[in-house]
Amino acid sequence: MFLNAAVKSCTADMQACYIEAVIIQVIGTAMERRQLLSAFGGLAVLPLAWPMAAQAPKLYRVGVISAGSFAPDTYPGRLTDQLTHHFAQNGFTPGGNLELVQRATEGHLDRLPGFVAELVAAKVNVIIAIGYPVAAAVKEGTSTVPAVIFAPGDPVQTHLVASLNRPGGNITGISDVAAELAPKRLELLKNAAPRLQRVALLWNAGNPGMTARYEASAAAAKQLNITVMALGVREPDDFEDAFASMERSMPDGLLMVADALTALNRKRVFDFAARHRLPAIYEADSFVRDGGLMSYGPDEVETAERGASLVERVLKGERPANLPLEQPTRFRLVVNLKTAQSLGLTIPPSILLLADELIQ
């Protein structure tokens, strides 16, 4: 009778059927297992086919820290937009299965340790560190959360990683190629201003990553028989001292190394260059779009593509220690013809033909 009741219940409730069958087995009914299976037919295997409870999709948290800001006209802002675009194309959708946790110091680097601690507490899966100070703060603040670094200067020279091929630790990213680009930048500036014999190099002397870029540029200038005027700044007030030094002995041209400090004060540099008709070259397109004369540097789109790939590989479980740092392979020359005209410069055809973009 007990078995008959169990079989009848199957027509109304499959789960009840399974439960009662288990009860029968547990209480020790005299019916052999083969008889039980015969009575239930194929129903005894139904529990194996029941749909499993729906699992919530995995949520990935990606922290992003900039030493500057995320404004649309800044490198961190553009980089973040480009990264999220690539993430979405590869199944990591912001607002869906991907959450971005952003922090920007706006030039107040004393905030960095707190920002790193906040992201660690938020249990982010990876930190995107933009600029050497951020990368150094991440290295100091956590040895467990993976980090992908951008615009760090030479990461080996500044001891962020052991080597480009085997970074070790929790850091990978995009490496700097300043030593290769510095001679080309100075050659381009000399072509635009043929009388260039003395160049002012403006950089953030408080940033070891950018100091390495300055040193590469100074070495390149020496090879080209160009005298260097070294203008290191550490805070916004130092720019007035740099301008005063140039006014006392005006150079023939200017090369500015880009980081958060110089980027946040770029318009002051543009105004000085315009006022004194001083030809200048910069490291990123955005400086030229804002009014600078010309720039030569890594293609930001390629940098974002390759950086996004590294972040995605980390999210999928690969260890940064085993991911060699990428190096840019595409570079862009951008010239602002309107600025050239205001400076009284005629850009030679050789540069016009090489330029990837001419801003009218």
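Anything mentioned here points back to the structure above.
Residues numbered from 1 in each chain as written. Predicted model: local features only at pLDDT ≥ 70, side-chain atom pairs only at ≥ 80, totals over all residues. Heavy atoms only, no water.

**Q** Could you clarify how one ought to interpret helix 8 (residues 208-223) in this entry?
**A** Given 3.6 residues to a turn, an α-helix orients residues that are three or four positions apart in the same direction. Compared with the 22 Å implied by 1.5 Å per residue over 16 residues, the 23 Å span of helix 8 between its first and last C-alpha is a close match. If you check which residues of helix 8 are buried, you get Gly209, Met210, Thr211, Ala212, Arg213, Tyr214, Ala216, Ser217, Ala218, Ala220 and Ala221. Its side-chain oxygen placed 2.9 Å from the backbone nitrogen of Gly209, Asn207 serves as the N-cap of helix 8. Asn225 lies just past helix 8 and shows a positive phi near 60 degrees. (Helix = DSSP H or I, 4+ residues; strand = E, 2+ residues; numbered from the N terminus. Expected span 1.5 Å × (residues − 1). Buried < 20%, exposed > 50% of the residue type's maximum accessible area, 1.4 Å probe, protein only. Polar contact = N/O pair within 3.5 Å; in protein donor to acceptor, adjacent residues only side chain to side chain.)

**Q** Just to check I follow, could you spell out the sheet that holds strand 1 (residues 60-66) for this structure?
**A** Strand pairs in the sheet, formed through backbone hydrogen bonds, run parallel or antiparallel to each other. One open sheet accounts for 5 strands, arranged 2-1-3-4-5; its pairing is parallel. The outermost strands of the open sheet, each flanked by one partner alone, are strand 2 (98-104) and strand 5 (171-173). With strand direction ignored, the average angle separating the axes of adjacent strands in the sheet is 25 degrees. Pairing analysis gives 7 bridges linking strand 1 to strand 2, with the strands arranged parallel. Residue pairing for strand 2: Tyr60 is matched across the bridge by Leu98. This element, helix 4 (residues 75-89), spans strand 1, strand 2, strand 3 (126-130) and strand 4 (147-150) of the sheet and lies at about 145 degrees to strand 3. Along the sheet face, helix 6 (residues 132-141) touches strand 1, strand 3, strand 4 and strand 5 and points at about 145 degrees away from the line of strand 3. (Pairing = 2+ DSSP bridges. Axes fitted to C-alpha atoms, helices over the stretch in contact; angles between N-to-C directions. Contact = heavy atoms within 4.5 Å.)

**Q** It is not clear to me how the sheet that holds strand 9 (residues 280-282) should be interpreted in this structure. Could you clarify?
**A** In space, the 7 strands of this open sheet follow the order 7-6-8-9-10-11-12, with mixed pairing throughout. Edge positions in the sheet fall to strand 7 (227-233) and strand 12 (357-359), since each of these pairs with one other strand and no more. The average undirected angle you get between the axes of adjacent strands in this sheet is 20 degrees. Pairing geometry for strand 8 (residues 253-256) and strand 9, over 2 bridges, is parallel. Opposite Leu254, over in strand 9, you have Ala280 as the bridge partner. The sheet contacts of helix 7 (residues 178-192) involve strand 6 (198-204), strand 8, strand 9, strand 10 (294-298) and strand 11 (331-336), and relative to strand 10 the element is tilted by about 160 degrees. Of the strands in this sheet, strand 6, strand 8 and strand 9 are in contact with helix 11 (residues 266-275), which crosses strand 8 at around 170 degrees.

**Q** I'm lost on the nonpolar core in this one. Help?
**A** General note: in soluble globular proteins, nonpolar side chains tend to be found buried as a group. Within the largest apolar cluster, 30 residues are counted, with the highest numbers of intra-cluster contacts made by Val199, Met294, Leu333 and Ile351. Secondary structure elements with two or more residues in this core: helix 7, strand 6, helix 8, strand 10, strand 11 and helix 14 (337-343). It is helix 7 that contributes the most residues to this core, 6 residues altogether. Sequence-distant contacts of Met294, that is, excluding residues within four places in its chain, are made with Leu188, Ala192, Ala280, Ile281, Tyr282, Val288, Leu333, Val334, Val335 and Ile351. Counting residues in hydrophobic clusters, the runner-up holds 23 residues, among them Val134, Ala135, Val145 and Ala147. (Core = buried A, V, L, I, M, F, W, Y, C linked by side-chain atoms within 4.5 Å.)

**Q** Sorry, what's going on with the layout of surface pockets here?
**A** Rolled over the atoms, a probe with the dimensions of a water molecule shows which regions are left empty. Roughly 850 Å³ of internal volume is contained in the largest pocket. In terms of lining residues, the largest pocket is bounded by 47 residues, among which Tyr75, Ala151, Arg213, Ala258 and Asp259 are the most central. For the lining of the largest pocket, the elements supplying multiple residues, two or more each, are helix 4, helix 6, helix 7, helix 8, helix 10 (260-264), helix 12 (285-289) and helix 13 (300-315). The biggest single contributor to the lining of the largest pocket is helix 10, with 4 residues. Its residues assigned to classes, the lining of the largest pocket shows 24 nonpolar, 12 polar and 11 charged. (1 Å grid on protein atoms, 1.4 Å probe; cavity = no way out; pocket = protein on both sides within 12 Å on 5 of 7 lines; lining within 4 Å. Points joined across faces, edges and corners; volume = space filled by probe spheres on them. Nonpolar A, V, L, I, M, F, W, Y, C, P; charged D, E, K, R; others polar.)

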